[in-house]
Structure formats: C-alpha cells, structure tokens
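Coordinate inspection notes
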Amino acid sequence: MTHAAYPALRLRRTRAAAWSRAMVAENRLSPADLIWPLFVTGGRDNREPIASMPGVERLSVDLLAAAAKEAAALGIPCLALFPNTPASARSDDGREALNPDNLMCRAIAAIKAAVPEIGVLTDVALDPYTSHGHDGVLDAEARILNDESVEILVGQSLNQARAGADIIAPSDMMDGRVGAIRAALEGENFTNVQIMSYAAKYASAFYGPFRDAVGSGGYLKGDKKTYQMDYANSGEALREVALDLAEGADSVMVKPGLPYLDIVRRVKDSFNVPVFAYQVSGEYAMIEAAVAANVLDRDKAMIETLTAFKRAGCSGVLTYFARDAARLLG
Ligand code: PBG
C-alpha cells in the first residue's frame, strides 16, 4: 500500500515528545527577561492592596528592601518604581518630582543600600505628582506645554540619578525629552546612567488600573491623546524610536504589550536595539479577572503571554507577574 497521499514532511515529529519540543524551542523565557514594577507609598510597614490589580500592593519604603532581595534571589535583574504621591504634595507643576526627599528618591536609596546589585529603573513623567494627572504642565487653556514640561522632566531625571537610579525611563512622550535628559546626565557625569525611553507609548484604555495604583486616575481631566500615540499608527512608532535613539536612548520600550506585538517586531527588525515591552496594568487585570472567573489557568496564561513577548523580539518585559513567573521558571 502506498502512502503517496500523506505528507513527506511531518512537523508533528519534533512535537511528539517533551524532550524534542525542548530541543527545538526557538525562545526560552528566563527570570532575566523580567522587570518587576513596584508601587511605593508612605507610612511604615504599610501594604495597600490595589482594588483593580488583585495581588498587587503598594509598599512603604521600609518594605522595599525585602522585595528587592526576593527579586534578586529569583534572578530578576531590575525593578521599576512608581510612587503614589500623597495628595498634599501634588501640584499644578508637579514640583514634588524635584524633591530629593520624595518617595521615589527614598525608594531608590533604600533598594540600592539593601541590594546594590539589582537594577533600578525610574519612571520620568509628572502624572504621579500633578493635581491634574497629566504627564506635563498645562497652559491656561489646559494644553500640555512641551518645552516647559521637558525642563521639569530633566530636573526630575537628575533628581532620580542623584538618588542612585540606574535607568531613567521617560514615559511622558514630550518631544525632545530624551536628548535633553541625556545632555543633562552627561553634564553631571552620569555617563553610565541608561535611558530606556517609552518610545512608542500609545494613548490606551489599558492604563486604567495603573492610574488607581499611583492615585492619578481621580485627578485626570480629559485624555492623553495630544502626547501619547494613536493606536491606529505603526509607522509613526518607528519615527519615535528613531528620534529617541538619535537623542541618546540606550533601549526603547513599546507600551502596552500584547496588543502591540506587531510594533515590537517592526522596531526590532528596523533598529536591532534592545526592545522592551510593558505588559501594562489593564493586561494584568484582564488575565486576573479571567482567572478569578475560572476561565483561564493563571500560570499557563502568564508564561504564554511572557514568552510571546520574547518571540516578538523583546529583550525583556515589564510585568506585574515578574515575581510569580520567576518563581515558576526557577
Ligand atoms: C506614567 C505611566 C503610565 C504607565 C506607566 N507610566 C500611565 C499613563 O501614561 O497614563 C502605565 C503602566 C500600566 O498601566 O501598568 N506616564
């Protein structure tokens, strides 16, 4: 009996056994691929749950050392910090961002003192510090002022670098901020402080829970469409990336994550630089909601989504699943 009708090449052969699948796997997720975002709040021994992000807590500064030690022990190379500034310190111009004793600076110092070998990435944008929830400062008509905002963002970056930040991550999407920050860092001899620019950051519905976490959601008037990108566009993302690299970014980020893997791939193929993606708060909340409804297996969904980022070309992922994923991978 002839089998001419059957396929000559059977791709199922290499899938047939676990050892074989492991041998031909093109991408492998490891804890070194994960950056763990932490929310920082006031008080002592203070953990505050975030209703829209089940399982994620804001931590007071004294609790950060333990979290950093745990992360380092799991092989997570870097933490990303986000402060929940007290309402009394928020203002029109977000000047608390320049305070050398603000939550962010105290958090950086506490982590670097306890675990000097872990990387600390700090977000640069004014939204956790402004009374209107925007990432920059406004004029009388509530338009976001570009160059005036950049000036404050430069001060914020230097403030973070002086406190010990390893990676400055501007997430504000003002034009020209990467070049201005790079020049200022060089001017103060922070030659080894990296810039990871949120280069292709979209105006997205998926940031909702984050705005609860840093407490800016209640303040935000309007939307961020005049500075964050339109999700209809991808060619524009390449222009943003090209500019940020020319201005001195060491690596670039695409954000949100999973709905934007096409952008990650285009950026990686076009520039061949380290590309990171942010699996943002809404993506996390969506998976947690499906898990709570017994619709998804949490561990499997977590590892599959994170591996998808690697496949798309990411060097790493900022993810609220970092600790749990690293535990599973360990
Ligand atoms: C601040 C900032 C935001 C996020 C990271 N940095 C929110 C925003 O731009 O409104 C979102 C992260 C997340 O949703 O997990 N500019």
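Only a predicted model underlies this, so the values are computations on that prediction, with no experimental measurement involved.

What follows covers the site of the ligand. Of all residues adjacent to the ligand, which total 18 residues, the nearest are Lys201, Lys224, Lys255, Ser281 and Tyr320. Interatomic distance of 3.4 Å between a side-chain N/O atom of Asp123 and a nitrogen atom of the ligand. Between the ligand and Lys224 there is a distance of 2.7 Å, counted from an oxygen atom to a side-chain nitrogen or oxygen. In the complex, the protein chains occlude 100% of the 400 Å² of accessible area that the ligand would expose alone. Taken atom by atom, the bulk of the ligand overlaps the largest cavity.

Counting residues in hydrophobic clusters, the biggest one holds 102 residues, and the most contacted among them are Phe39, Leu81, Leu185, Tyr278 and Leu306. The residues touching Leu81, leaving out its near neighbours within four places in the chain, are Leu38, Val40, Met104, Ala107, Ile108, Ile111, Val120, Leu121, Thr122 and Asp123.

On inspection of all chains with the given rule, the structure shows two cavities of 30 Å³ or more. Reported here for the largest cavity is a volume of approximately 130 Å³. Every residue lining the largest cavity is counted, 18 residues in all, and those nearest its centre are Asp127, Lys201, Tyr207, Phe210 and Lys255. Contributions of two or more residues to the lining of the largest cavity are made by β9 (194-201) and α6 (208-213).

Here the UniProt feature "binding site: Mg(2+)" (unreviewed entry) sits at Glu240. On the secondary structure map, Glu240 appears in helix α7 (residues 235-246). Residues contacting Glu240, with those up to four places away along its chain left out, are Met173, Ala199 and Met229.

Assignment of secondary structure puts Ser204 in the loop between β9 and α6. A polar contact of 2.9 Å, which involves the side chain of Ser204, links it to the backbone nitrogen of Phe206. Contact partners of Ser204, with chain neighbours within four places excluded, come to Gln228 and Pro256.

β9 sits mainly inside the fold: seven of its eight residues count as buried. Note: strand β8 (residues 167-170) against β9, two bridges, orientation parallel. Bridged to Ile167 within β9 is Gln194. For the segment spanning β8, helix α5 (residues 177-187) and β9, crossover handedness is right-handed.

Scanning the entire structure with this criterion turns up 10 aromatic pairs. For the ring pair Tyr198 and Tyr278, a centre distance of 6.4 Å and an interplane angle of 40 degrees mean the geometry is tilted. Remark: Tyr278 occurs in strand β11 (residues 275-279) and Tyr198 occurs in strand β9; sequence separation between them is 80 residues. Among the aromatic residues, those joined into a cluster by ring pairs are Phe39, Phe82, Tyr198, Phe210, Tyr278, Tyr284, Tyr320 and Phe321. Over the ring of Tyr198 we find Lys201, and its NZ or CZ is 5.3 Å from the ring centre. Just above the ring of Tyr207 sits the side chain of Lys255; from NZ or CZ to the centre is 4.4 Å.

In this structure, the largest pocket spans a volume of roughly 310 Å³. In this structure, the largest pocket is lined by 20 residues; those nearest its centre are Trp36, Leu38, Gly55, Glu57 and Arg323. The biggest single contributor to the lining of the largest pocket is strand β1 (residues 34-41), with four residues. Looking at the lining of the largest pocket residue by residue, the classes come out as 12 nonpolar, one polar and seven charged. Within this model, the second largest pocket holds a volume of roughly 250 Å³. Taken together, Ala25, Glu26, Asn27, Arg28, Leu29, Ile303, Glu304, Thr307, Ala308, Arg311 and Leu329 make up the full set of residues lining the second largest pocket.

So, about a nonpolar patch on the surface. Residues Trp19, Met23 and Val24 make up a contiguous nonpolar surface patch of about 380 Å² in total accessible area. Tracing the sequence through the fold places Val24 in helix α1 (residues 18-24).

Burial analysis of β1 places eight of its eight residues in the buried class, the great majority of the element. Residues Leu34, Trp36, Leu38 and Val40 of β1 are buried on one face, and the alternating residues Ile35, Pro37, Phe39 and Thr41, pointing to the opposite face, are buried as well. Bridge analysis of β1 against strand β4 (residues 78-83) gives six bridges, and the strand direction is parallel. Within β4, the residue paired with Phe39 across the bridge is Phe82. Relative to strand β3 (residues 57-60), β1 is paired through three bridges, and the arrangement is parallel. Note on β3: the bridge partner recorded for Phe39 is Arg58.

The rules behind each value
Residues numbered from 1 in each chain as written. Predicted model: local features only at pLDDT ≥ 70, side-chain atom pairs only at ≥ 80, totals over all residues. Heavy atoms only, no water. Near = heavy atom within 4 Å. Polar contact = N/O pair within 3.5 Å; in protein donor to acceptor, adjacent residues only side chain to side chain. Areas by Shrake-Rupley, 256 points an atom, 1.4 Å probe, with all protein chains shown as cover. 1 Å grid on protein atoms, 1.4 Å probe; cavity = no way out; pocket = protein on both sides within 12 Å on 5 of 7 lines; lining within 4 Å. Sits in = over half its atoms within 2 Å of the grid points. Core = buried A, V, L, I, M, F, W, Y, C linked by side-chain atoms within 4.5 Å. Buried < 20%, exposed > 50% of the residue type's maximum accessible area, 1.4 Å probe, protein only. Contact = heavy atoms within 4.5 Å. Points joined across faces, edges and corners; volume = space filled by probe spheres on them. Helix = DSSP H or I, 4+ residues; strand = E, 2+ residues; numbered from the N terminus. UniProt positions renumbered as here; feature names shortened; annotations may be inferred. Pairing = 2+ DSSP bridges. Right-handed = clockwise from strand over helix to strand, strands pointing away. Phe/Tyr/Trp six-rings, centres within 6.5 Å; stacked < 30°, edge-to-face > 60°. Lys NZ or Arg CZ within 6 Å of the ring centre and 35° of its normal. Nonpolar A, V, L, I, M, F, W, Y, C, P; charged D, E, K, R; others polar. Patch = residues over 30% accessible without salt bridge, like charges linked within 9 Å, V, L, I, M, F, W, Y side chains within 5 Å. Salt bridge = Lys/Arg side-chain N within 4 Å of Asp/Glu carboxyl O.

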